[in-house]
Amino acid sequence: LDKQHIVFGHGPGRSYLLTFSRPCRNLSFSNTLGFSTTVGVLTRLDRVVSTDGSGFPEYCLIETIHRLEKVPRSGT
């Protein structure tokens, strides 16, 4: 979305908004995204690894995770 937010999908219908603690400059040029976790599940204070075309990794610390939910359309 921008240098401080991405949407991360986990299976059908499960999406999360990740906010980083500081801007992650590599996201605009990233060829590969991955994550590093300490407890086997992605949590606050884990990291997203953004790797550019030259193989340079940038570690982006997750500040918040919000589950995105589909809101039904109103009948108007």
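One can find the structure itself at the top, above this paragraph.
Residues numbered from 1 in each chain as written. Predicted model: local features only at pLDDT ≥ 70, side-chain atom pairs only at ≥ 80, totals over all residues. Heavy atoms only, no water.

A. Local environment of the environment of Cys-24. Its place among the elements puts Cys-24 in the loop between β2 (15-20) and β3 (30-36). For Cys-24 and Val-71, which are 47 residues apart along the polypeptide, the C-alpha to C-alpha distance reads 29 Å. (Helix = DSSP H or I, 4+ residues; strand = E, 2+ residues; numbered from the N terminus.)

B. View of unusual backbone geometry. Of note in the backbone geometry, Leu-45 takes a positive phi value of approximately 80° without being a glycine. Looking at the secondary structure, you find Leu-45 in the loop between β3 and β4 (47-52).

C. Representation of the packing of aromatic side chains. Using the criterion set out here, one finds one aromatic pair in the structure. When the ring of Phe-8 is compared with that of Phe-35, the centres are 5.8 Å apart and the planes differ by 90°; the resulting orientation is edge-to-face. Pair noted here: Phe-8 is in strand β1 (residues 5-9) and Phe-35 is in strand β3, with a separation of 27 residues, a long-range link. Since its relative accessible area comes to 24%, Phe-8 is described here as partly exposed. The exposure class of Phe-35 is partly exposed, given its relative accessible area of 45%. (Phe/Tyr/Trp six-rings, centres within 6.5 Å; stacked < 30°, edge-to-face > 60°. Buried < 20%, exposed > 50% of the residue type's maximum accessible area, 1.4 Å probe, protein only.)

Nothing here speaks to function; it is geometry throughout.
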